[in-house]
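# Structural overview for review
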Amino acid sequence: MLYFYTLMRRIQFNDTINLISKLSFRRTWNALKVFSSFQISRISGKPVQWGYPVSVSFEPTTSCNLRCPECPSGLRAFSRPTGMLEKSFFEKTIDEIHRELLYLIFYFQGEPYLNPGFLEMVSYASSKKIYTATSTNAHYLNDANARRTVESGLDRLIISVDGTTQEVYQQYRVGGKLTKVLEGAKNIMKWRKELGSKTPLVVFQFLVVKPNEHQVNEIRLLAEEIGVDDVWYKTAQVYDFVNDPNNLIPGIDKYSRYKKKEAGGYTSKNKLSNHCWKLWHSNVITWDGLVVPCCFDKDAMHQLGNMKMQSFREIWNNENYRQFRKELMSGRKNIDICANCSEGVKVWG
């Protein structure tokens, strides 16, 4: 186990070097402008926005093969249209924003590998020297897709493994097969070795919920057995966290976004200060071109622009964005998507 921890630290260092290697003068200058404008905004209490996003989340699809109980994609419960990101639209957008963009999160809702053009789009972003990352339930990482994933230039692959036994895994990943997930992870590691590639960084992400919290130590042993690079623990977002109807909130406090109230039920740990780094340095683009503030707006209720009608640069500084930043800095607790925000609730092991 000590060897595994030492190896993880070395791999994390290599991943950081890989990210830094994507920096250009223009991207560095843009990041400095974004960071300084955020700090000025915090101090002054008035929104000041310089530069363009350092990071963008792009949604490949809203479709998913699983039925996870706290996921609108899994529940087929979206109030917005479902569909697939078109390659031509993606490439047009990347052409517009890649000079400032450092980090592309190729995920929002749904399972990315269900989009048949997903890996081609990853390759296109990689060709622009953008750091690319995605998250998958790994049910489509067959041998061919695993090889194509490594060849695409993907920098980070997060694999959701929310249990070390099928009985526990399927309680949250409803409809999923743990053996298929582990087989997919092995395929990735095999092709990374055979192709002599240092990427993608492969991470097991363990969403800690009550049914699996007793396996938080076992997942590290499983990760070591498979040979993946790291294990990340994630706190679970529960929509009705006051009542927790699906009994998902874990009893281990450090793995929970919520705390028990003396009168019963739960409340969020986040104190919701009137500022948010995400709104300055990143945003989300849905499969059909809607621009929304962050990943907590799963139904795209706060639409700040439409990439099918405007350029990204026009949207980033339009009246909708300015008004949303102003509202956040004057009363963040009044914005519905902020109520479940995990900002400030970090888990390191």
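In this report, the structure presented in the accompanying data block is examined.

## Comments concerning the overall build of the protein chain
Scanning the protein chain from terminus to terminus reveals 11 helices and 11 strands. By the compact-globule yardstick of 20 Å for 349 residues, the protein chain fits well, its C-alpha radius of gyration being 20 Å. Overall, the protein chain is about 55 × 50 × 40 Å in size when its C-alpha atoms are taken along their principal axes. Residue pairs at least 24 apart in sequence account for 68% of intrachain contacts in the protein chain once pairs closer than 6 positions are excluded. For the protein chain, the accessible area works out to roughly 16200 Å², and carbon and sulfur atoms hold 54% of it. Put simply, the protein chain has 47 plus and 35 minus side-chain charges, and the middle of one group is 5 Å from the middle of the other.

## Some points on the sheet that holds strand S10 (residues 290–292)
Read across the open sheet, the nine strands follow the order S6-S5-S4-S3-S2-S1-S9-S10-S11; overall the sheet is mixed. Strands at the two margins of the open sheet, each flanked by one partner only, are strand S6 (230–235) and strand S11 (305–306). Judged from the two bridges that link them, strand S9 (residues 282–285) and S10 form a sheet pairing that is antiparallel. The residue of S10 that forms the bridge with Val284 is Val292. Strands in contact with helix H3 (residues 87–97) are strand S1 (55–58), strand S2 (103–105) and S9; relative to S1, the strand with the most contacts, it is inclined by about 175 degrees.

## Concerning the nonpolar core
Phe90, Phe106, Ile159 and Phe204 are the most contacted members of the largest nonpolar core, which totals 86 residues. Ranked by residue count, the leading element in this core is helix H7 (residues 178–194), at seven residues. Beyond its immediate chain neighbours, meaning those up to four positions away, Phe106 contacts Phe58, Pro60, Leu85, Phe90, Pro112, Phe118, Met121, Val122, Ala133 and Thr134. Among the nonpolar cores identified, the runner-up in size contains five residues, and Phe108, Leu290, Val292 and Ala300 belong to it.

## Concerning the pattern of salt bridges
Applying the stated rule across the entire model yields 13 salt bridges. Salt-bridge contacts for Asp15 lead to Arg156; the nearest nitrogen and oxygen are separated by 2.6 Å. Of this pair, Asp15 sits in helix H1 (residues 2–21) while Arg156 sits in strand S4 (residues 156–160); the two residues are 141 residues apart in sequence, bridging distant segments of the chain. Each of the two residues, Asp15 as well as Arg156, counts as buried. One connected set of salt bridges, linked through shared partners, spans Arg26, Glu100 and Arg313.

## A look at a nonpolar patch on the surface
A surface patch of nonpolar side chains, about 380 Å² in accessible area, is lined by Phe13, Ile17, Ile20 and Leu23. Looking at the element boundaries, Ile17 is found in helix H1.

## Quick notes on empty space enclosed by the protein
Under the criterion given, the structure shown has three cavities of 30 Å³ or more. Volume-wise, the largest cavity comes out at about 100 Å³. Broken down by secondary-structure element, the contributors of at least two residues to the lining of the largest cavity are helix H9 (278–281) and helix H11 (319–331). In this structure, the second largest cavity spans a volume of roughly 50 Å³. If you go around the second largest cavity, the residues you meet are Tyr52, Pro53, Val56, Ile97, Glu100, Leu101, Phe312 and Arg313. Here the lining of the second largest cavity is built from residues that sort into six nonpolar, no polar and two charged.

Conventions and cut-offs
Residues numbered from 1 in each chain as written. Predicted model: local features only at pLDDT ≥ 70, side-chain atom pairs only at ≥ 80, totals over all residues. Heavy atoms only, no water. Helix = DSSP H or I, 4+ residues; strand = E, 2+ residues; numbered from the N terminus. Rg over C-alpha atoms; globule rule 2.2 N^0.38 Å. Contact = heavy atoms within 4.5 Å. Areas by Shrake-Rupley, 256 points an atom, 1.4 Å probe, with all protein chains shown as cover. Lys, Arg positive; Asp, Glu negative; His and termini not counted. Charge placed at Lys NZ, Arg CZ, Asp CG, Glu CD. Pairing = 2+ DSSP bridges. Axes fitted to C-alpha atoms, helices over the stretch in contact; angles between N-to-C directions. Core = buried A, V, L, I, M, F, W, Y, C linked by side-chain atoms within 4.5 Å. Buried < 20%, exposed > 50% of the residue type's maximum accessible area, 1.4 Å probe, protein only. Salt bridge = Lys/Arg side-chain N within 4 Å of Asp/Glu carboxyl O. Patch = residues over 30% accessible without salt bridge, like charges linked within 9 Å, V, L, I, M, F, W, Y side chains within 5 Å. 1 Å grid on protein atoms, 1.4 Å probe; cavity = no way out; pocket = protein on both sides within 12 Å on 5 of 7 lines; lining within 4 Å. Points joined across faces, edges and corners; volume = space filled by probe spheres on them. Nonpolar A, V, L, I, M, F, W, Y, C, P; charged D, E, K, R; others polar.

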